[in-house]
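So the chains spell out like this:
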Amino acid sequence: MTAAGAAPLAASARRVQAALDALGLGDCRVRELGVPARTAQEAADALGVPVGRADAAFVRETTGYSIGGIPPLGHATPLVLFVDASLARFQSVWAAGGTPHAVFPIAPAALSGLPGARTVDVG
C-alpha cells in the first residue's frame, strides 16, 4: 500500500513492508527516499533529522580508529567483540586493518580467541 500519489515501492521494499505487516507492525511504513542513504549521515540528511548513532569522533576516541577501518583488536579502550558463529565454516575471513584501505585475513578460531571476543549465533 502506498500513500496517495506516491510511487509503488520496489519489490525489496515491499517484502520488508510485508514482513512488518506480518508481525503486526503495520504502523511502521517503509518509505523510499529520493536520494541514496548508504550512510547514517545520508539517511539523516534525507529525513531531516540528526544522526542518533555514534559519531566519528566518539568512534575514533573509543576504538582509536576511524569509521570504515576498525579492526577487531588493538582498540584504545577494551571493547566486546561479537563474532558470528557461522564464520567458523570459513578457513579464513577478512577484517579491517586500521584504515578504510587496509584489511587482513584471520582464521575464525583466532578471531574468536581475541581478547573480549564472544562468539554468538547471529543467524
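Preceding this paragraph is the structure being described.
Residues numbered from 1 in each chain as written. Predicted model: local features only at pLDDT ≥ 70, side-chain atom pairs only at ≥ 80, totals over all residues. Heavy atoms only, no water.

Hey, could you run me through the overall build of the protein chain in this one?
A tally of helices and strands in the protein chain yields four helices and four strands. From first element to last, N terminus to C terminus, the protein chain shows the α and β order α-α-α-β-β-β-α-β. A compact globule built from 123 residues should have a C-alpha radius of gyration of about 14 Å, whereas the protein chain, at 19 Å, is more than 25% larger. The dimensions of the protein chain, computed from C-alpha atoms along their principal axes, are 55 × 35 × 25 Å. Each of the 123 residues in the protein chain was classed as buried or not, and the buried ones make up 18%. Looking at the protein chain alone, contacts between residues at least 24 apart form 36% of all its contacts between residues at least 6 apart. When the 9 positive and 9 negative side-chain charges of the protein chain are each reduced to one mean point, those points stand 5 Å apart. (Helix = DSSP H or I, 4+ residues; strand = E, 2+ residues; numbered from the N terminus. Rg over C-alpha atoms; globule rule 2.2 N^0.38 Å. Buried < 20%, exposed > 50% of the residue type's maximum accessible area, 1.4 Å probe, protein only. Contact = heavy atoms within 4.5 Å. Lys, Arg positive; Asp, Glu negative; His and termini not counted. Charge placed at Lys NZ, Arg CZ, Asp CG, Glu CD.)

Where do I start with the side chain of T62 in this structure?
Tracing the backbone shows T62 in helix 3 (residues 56-63). Overall, T62 belongs to the buried group, its relative accessible area being 16%.

How should I be thinking about the side chain of T63 in this particular structure?
For T63, the location among the structural elements is in helix 3. By relative accessible area, T63 is classed as buried at 7%. In this structure the side chain of T63 is engaged in a polar contact, spanning 2.7 Å, whose partner is the backbone oxygen of V59. Among all residues touching T63, those that are not within four sequence positions of it are I70, G74, H75, A76 and L79. (Polar contact = N/O pair within 3.5 Å; in protein donor to acceptor, adjacent residues only side chain to side chain.)

In this structure, what is going on with the pairing of strand 1 (residues 81-84)? I would like to understand it.
Where a strand is regular, its side chains alternate between the two sheet faces. Of the two faces of strand 1, the one holding L81 and V83 is buried and the one holding F82 and D84 is not buried anywhere. Relative to strand 4 (residues 117-120), strand 1 runs parallel, the two being bridged by four bridges. Bridge pairing in strand 4 places F82 opposite R118. (Pairing = 2+ DSSP bridges.)

Would you take a moment to explain the pattern of salt bridges for this structure?
Side-chain pairing between opposite charges can occur once the charged atoms of the two side chains come close. Applying the stated criterion to the full structure yields one salt bridge. A salt bridge links R29 to D21, with the shortest nitrogen-to-oxygen separation between them at 3.5 Å. (Salt bridge = Lys/Arg side-chain N within 4 Å of Asp/Glu carboxyl O.)

I would appreciate a short explanation of a nonpolar patch on the surface in the present structure.
The grouping of L33, V35, L47 and V49 at the surface amounts to a nonpolar patch, some 300 Å² of accessible area in total. Relative to the elements of secondary structure, V49 occurs in the loop between helix 2 (40-47) and helix 3. Classification of V49 by relative accessible area gives partly exposed; the value is 42%. (Patch = residues over 30% accessible without salt bridge, like charges linked within 9 Å, V, L, I, M, F, W, Y side chains within 5 Å. Areas by Shrake-Rupley, 256 points an atom, 1.4 Å probe, with all protein chains shown as cover.)

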